[in-house]
Amino acid sequence: MTIKGLVFDKDGTLFHYGATWTIWCDNVLEDLSAGDPVKKKELADAVGFDLRDNSFLPGSLIVNASAGEIIGVWASLLPDFSPQDVDAVAVKHLGSLPSVPVCDLKALFTGLRAQGIKLGLVTNDYEEGAYMQLQQEGIAELFDFVAGFDSGHGVKPAAGPLLAFGVATGLSMQQVAMVGDSTHDLGAGRAANVAMTIGVLTGPAESDDIAHLADVVLQDISGIAAVLR
């Protein structure tokens, strides 16, 4: 088996999850609730965000669902907001989103590209936000394919985004590995019948949470080169 393409999740895989998204979530909730603590808690509870600990609960929609699904839940609790209104608030706060990379991303991906490996990024976040974070790290040009929930290929754990990567790069799924920190990521890999699923522990999940869907579990993506060898 020769891996010629790697598809990565974004949050919890390239970037430490909590350091990136707890700030965004709190800012969006504060904005949507207009400072009303009761409404803010209701909105937080609906997506599995613990305001007291500023953390995501097991099974949190923020961690597992697409941005579109999250927006739909919040809009259903805000009679004066349309989904478009909620989306505008969510997108507004992407601009202040911190990115905390799990390792030296530029060195890692430059090295993988030098080996002739095609690189893809598939996230259930916005495509625009994904590009913005990649550009902040100076690595956007290293990726052959980037897709978000709004790119028209479906969302993880469905196979659609990975199959679209295959079409864009000319690779079969048996030449591709999927890398991610959640069951949605690895489940998408299984659904697409990729050659290998690689789990990482830089997101909220523990090893036991994802091991059943992963061919190998790494502490972080810096260990991928060794796996490919």
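Every chain is numbered on its own, with residues counted from 1 as its sequence reads. Given that the model is predicted, a residue must reach a pLDDT of at least 70 before its local features are reported, and side-chain atom pairs must reach 80 or more before they are shown or counted; all residues, however, enter totals for whole chains, interfaces and linings. The basis for every side-chain value is the complete set of non-hydrogen atoms in the structure, without hydrogens or water.

## Some remarks on the overall build of the chain
Then comes step 1: Broken down by element type, the chain carries 11 helices and eight strands.
Then comes step 2: For a compact globule of 229 residues, the expected C-alpha radius of gyration is about 17 Å, and the chain comes in at 17 Å, within 12% of that figure.
Then comes step 3: Buried means the residue's accessible area, taken with a 1.4 Å probe over protein chains only, is under 20% of the maximum for its type, while exposed means over 50%, and partly exposed covers the values in between. Here the chain, with 229 residues, has 50% of them falling under the buried criterion.
Then comes step 4: Taking the intrachain contacts of the chain between residues at least 6 apart in sequence as the baseline, contacts between residues at least 24 apart amount to 64%.
Then comes step 5: Only the protein chains shown count as cover for residues, and the accessible areas themselves come from Shrake-Rupley with a 1.4 Å probe. On the chain, roughly 9,600 Å² of surface is accessible, and the fraction owed to carbon and sulfur atoms is 52%. Only runs of H or I of at least four residues qualify as helices and only runs of E of at least two qualify as strands under DSSP, and these elements are numbered from the N terminus. Throughout, radius of gyration means the C-alpha value; the globule benchmark is 2.2 Å times the number of residues raised to the power 0.38. The contact criterion used throughout is that any non-hydrogen atoms of two residues lie within 4.5 Å.

## Side note on the packing of aromatic side chains
Then comes step 1: Two rings from Phe, Tyr or Trp (for Trp, the six-membered ring) form a pair when their centres are within 6.5 Å of each other. A pair whose planes differ by under 30 degrees is stacked, one over 60 is edge-to-face, and the rest are tilted. Counting across every chain of the model gives eight aromatic pairs.
Then comes step 2: A ring pair is formed by tyrosine 17 and phenylalanine 56, whose centres lie 5.3 Å apart and whose planes are at 80 degrees; its orientation type is edge-to-face. Linking tyrosine 17 in helix H1 (residues 17-33) with phenylalanine 56 in strand E3 (residues 55-56), this pair joins segments that are 39 residues apart in sequence. Both residues of the pair, tyrosine 17 and phenylalanine 56, belong to the buried class.
Then comes step 3: Ring centres of tyrosine 126 and phenylalanine 149 lie 5.1 Å apart, and the angle between their planes is 75 degrees; on these two criteria the pair is classed as edge-to-face.

## Describing the pattern of salt bridges
Then comes step 1: Salt bridges are defined as contacts in which a side-chain nitrogen from Lys or Arg sits within 4 Å of a carboxyl oxygen from Asp or Glu. Counted by the stated rule, this structure contains 12 salt bridges.
Then comes step 2: The salt bridge partner of glutamate 30 is lysine 40, with a shortest N-O separation of 2.8 Å. In this pair, glutamate 30 is assigned in helix H1 and lysine 40 in helix H2 (residues 37-47), connecting sequence segments 10 residues apart.
Then comes step 3: Residue class for glutamate 30 comes out partly exposed when judged on its relative accessible area of 37%.
Then comes step 4: The salt bridge partner of lysine 39 is glutamate 42, with a shortest N-O separation of 2.8 Å. Of this pair, lysine 39 and glutamate 42 both sit in helix H2, three residues apart, which is roughly one turn of the helix.

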